[in-house]
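Chain residues, written in single-letter form:
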Amino acid sequence: MIKNRNICVCILLIFLTSVFGCGGQETNYVNQVTSNYLKEYNVCNSKMEKLGNYEEIENINIQVLSEEELDLAVEKRIAEELENASSFETVHERNEVQKGDFVSITFSVYNEKNEEINHVSKQILKVGSGYYDEQLETVLVGKIVGKTYTEKLIVPSNVSKKEFIGKEETFKIVVNSIMKCCQQKLSRSFVKKFTKYETVDEYKKAIRKKIENEYQETCEIERKEHVLEQLISKCGFYIDEDEIVAIAADIAGVAKQSAKINGMEFEEYINQLHGMTK
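Residues numbered from 1 in each chain as written. Predicted model: local features only at pLDDT ≥ 70, side-chain atom pairs only at ≥ 80, totals over all residues. Heavy atoms only, no water.

Participant: Please provide a residue-by-residue account of the overall build of the protein chain, values included.
Facilitator: Looking only at helices and strands, the protein chain has nine helices and seven strands in total. Per-residue burial for the protein chain yields a buried fraction of 31% across its 278 residues. In the form shown here, the protein chain has an accessible surface area of approximately 18700 Å², with 49% of it arising from carbon and sulfur atoms. (Helix = DSSP H or I, 4+ residues; strand = E, 2+ residues; numbered from the N terminus. Buried < 20%, exposed > 50% of the residue type's maximum accessible area, 1.4 Å probe, protein only. Areas by Shrake-Rupley, 256 points an atom, 1.4 Å probe, with all protein chains shown as cover.)

In structure tokens form, the structure reads like this:
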């Protein structure tokens, strides 16, 4: 199915220039898309059944980022990079967890048979932020560093064994330490230490250019997908019957082999697995 779809896409791309036949940037863009896809896929001898009306297909108009939107995106990206460069120091003045603290915790999750189903070591999180897991963060308030606590909690979505997500299981939790976040500030020293630039101005200009490039790449992907989806929706293709028979024979052969491995008759196997008869 995927192979045939790719074949269809390649044939359709041959006709892209008739969609934007007026020349200029649109024609260059479509020619580039066509060339790239034809290099990626080999067009086989599939017969075209229906061409559709290509004159009705339009290119998508991508909205350009305004200066205000770009400024906000730059500020957000810099804030993220400052946060990622933050460091933590252990708090020694107290040992009881408060809301808003950064803490390092280790915890294990056990099922009803007391089997360990997940283990997390030295996880750093901010209590009360809801970023890691709201219920787990809530029960940490008031806990003492170094002690082991047992809690009944709903298994969050970030555990390794997905079949336990959403179930209430037993958590054994240890607060390793309370920590203080040392937030980085945008300065020349930060720029020189954590980036390849020398000044704050150079760093901001580079971030701005990077965001502009990323946005442009996203726009190009959207434009390609828009054109291809319209073309595919307007066309139909005939696949040779012999090819279909050959594919069906291959599938049946794999099923027969699987039935043999499982010690079952072919008809019994496909009926049990797919609800089908021979």
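Following the structure, the description resumes.
Participant: How would you explain the nonpolar core if you had to name every residue and give the values?
Facilitator: If you look at the biggest cluster of nonpolar residues, it comprises 22 residues, and the most contacted ones within it are Val-103, Ile-105, Phe-107, Leu-136, Leu-140 and Ile-173. Residues in contact with Ile-105, not counting those within four places in the same chain, are Val-120, Ser-121, Lys-122, Gln-123, Leu-125, Leu-136, Leu-140, Val-174, Val-175 and Asn-176. Counting 10 residues, the second-largest nonpolar core is a separate cluster that includes Leu-70, Ile-78, Leu-82 and Ile-211. (Core = buried A, V, L, I, M, F, W, Y, C linked by side-chain atoms within 4.5 Å. Contact = heavy atoms within 4.5 Å.)

Participant: Before we move on, could you go through helix α8 (residues 241-261) and cite the residues and values that matter?
Facilitator: In this model, α8 (21 residues) spans 31 Å end to end at C-alpha, consistent with the 30 Å of a helix rising 1.5 Å per residue. After α8 finishes, the residue Gly-263 shows a positive phi value of roughly 65°. (Expected span 1.5 Å × (residues − 1).)

Participant: Describe unusual backbone geometry, naming the residues involved and giving the relevant values.
Facilitator: For Asn-114, which is not a glycine, the phi torsion comes out positive at approximately 65°. Position of Asn-114 relative to the elements: it lies in the loop between β3 (102-110) and β4 (116-126). For Lys-122, which is not a glycine, the phi torsion comes out positive at approximately 55°. The exposure class assigned to Lys-122 is exposed, which follows from its relative accessible area of 64%.

Participant: For the environment of Lys-152, give the residues involved together with the corresponding values.
Facilitator: Relative to the helices and strands, Lys-152 resides in strand β5 (residues 148-154). For Lys-152, a relative accessible area of 53% puts it in the exposed group. Residues contacting Lys-152, with those up to four places away along its chain left out, are Glu-168, Glu-169 and Thr-170. Separated by 3.2 Å, the side chains of Lys-152 and Thr-170 make a polar contact. (Polar contact = N/O pair within 3.5 Å; in protein donor to acceptor, adjacent residues only side chain to side chain.)

Participant: Outline the packing of aromatic side chains, supporting the account with residue identities and numerical values.
Facilitator: Where two aromatic rings form a pair, the distance of their centres and the angle of their planes describe that pair. Applying the stated criterion to the full structure yields four aromatic pairs. For the ring pair Phe-190 and Tyr-203, a centre distance of 6.1 Å and an interplane angle of 75° mean the geometry is edge-to-face. Here Phe-190 is found in helix α6 (residues 188-194), whereas its partner Tyr-203 is found in helix α7 (residues 200-233), with 13 residues between them in sequence. Tyr-203 carries the same exposure label as Phe-190, and that label is buried. Every member of this aromatic cluster is reached through a ring pair, and the members are Phe-190, Phe-194 and Tyr-203. The cationic tip of Lys-143 hangs over the ring face of Tyr-149; the distance from NZ or CZ to the ring centre is 5.1 Å. (Phe/Tyr/Trp six-rings, centres within 6.5 Å; stacked < 30°, edge-to-face > 60°. Lys NZ or Arg CZ within 6 Å of the ring centre and 35° of its normal.)

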